[in-house]
Amino acid sequence: IATYDGKPVIVKNALIGQTIQAKISKIKKAEIEAKLVEVIKTADYEKEKICAHFGLCGGCLYQTVPYEKQVELNQLRHELDISDSSKKIYDNYVQ
């Protein structure tokens with residue numbers, strides 16, 4: 001999640017805390033969608049990958065994320081999914 005021109009930017013397969021390069025794929029009225037191009041820096045909470053195919057098959061996005069953080073991130077994702085204004089939740093989360 002990031003913001004651009006005051007709109008939240010949703011990047012599939014990116015995690016909060018990562019520094020990434022992304023390409024905008026769709027601009028909607030309330031949000032912007034982007035595709036992950038590259039992870040420049042991993043999030044502080046990420047651990048070492050354990051699968052040689054990590055990042056290639058797309059089957060285990062959270063492999064490098066400790067379980068407790070996975071629960072936290074999934075809760076945030078669900079709150080964003082059901083919210084009328086994902087920007088409000090995002091702003092409250094990062095402050």
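Our structure's up above, just so we're on the same page.
For clarity, every value in this text was computed on a predicted model and none was experimentally measured.

> Please clarify how the overall build of the protein should be interpreted in this entry.
The helix and strand tally for the protein stands at two helices and four strands. Secondary structure elements of the protein occur, N-terminal to C-terminal, as β-β-β-β-α-α. Look at the contacts in the protein between residues 6 or more apart in sequence, and 32% of them connect residues 24 or more apart.

> Mind showing me how you'd approach the pattern of salt bridges here?
Where charged atoms from two side chains of opposite charge come close, those side chains can pair. Tallied over the full model, the rule gives three salt bridges. Two residues, Glu33 and Lys28, come together in a salt bridge whose shortest N-O distance is 2.8 Å. You can call Glu33 partly exposed: its relative accessible area is 23%. Residue classification places Lys28 among the partly exposed residues on the basis of a relative accessible area of 34%. Its salt-bridge partner being Glu72, residue Lys69 comes within 3.3 Å of it at the nearest N-O pair. Highlighted residues: Lys69 and Glu72, both in helix α1 (residues 67–82), separated by three residues, approximately one helical turn. When its relative accessible area of 34% is taken as the criterion, Glu72 is described as partly exposed.

> Help me understand the side chain of Thr64, please; the structure alone is not making it clear to me.
Mapping Thr64 onto the fold places it in the loop between β4 (32–41) and α1. What makes Thr64 buried here is its relative accessible area of 4%. Here Glu46 takes part through its side chain, which lies 2.7 Å from a polar atom of the side chain of Thr64.

Reading the values: the criteria
- Residues numbered from 1 in each chain as written.
- Predicted model: local features only at pLDDT ≥ 70, side-chain atom pairs only at ≥ 80, totals over all residues.
- Heavy atoms only, no water.
- Helix = DSSP H or I, 4+ residues; strand = E, 2+ residues; numbered from the N terminus.
- Contact = heavy atoms within 4.5 Å.
- Salt bridge = Lys/Arg side-chain N within 4 Å of Asp/Glu carboxyl O.
- Buried < 20%, exposed > 50% of the residue type's maximum accessible area, 1.4 Å probe, protein only.
- Polar contact = N/O pair within 3.5 Å; in protein donor to acceptor, adjacent residues only side chain to side chain.

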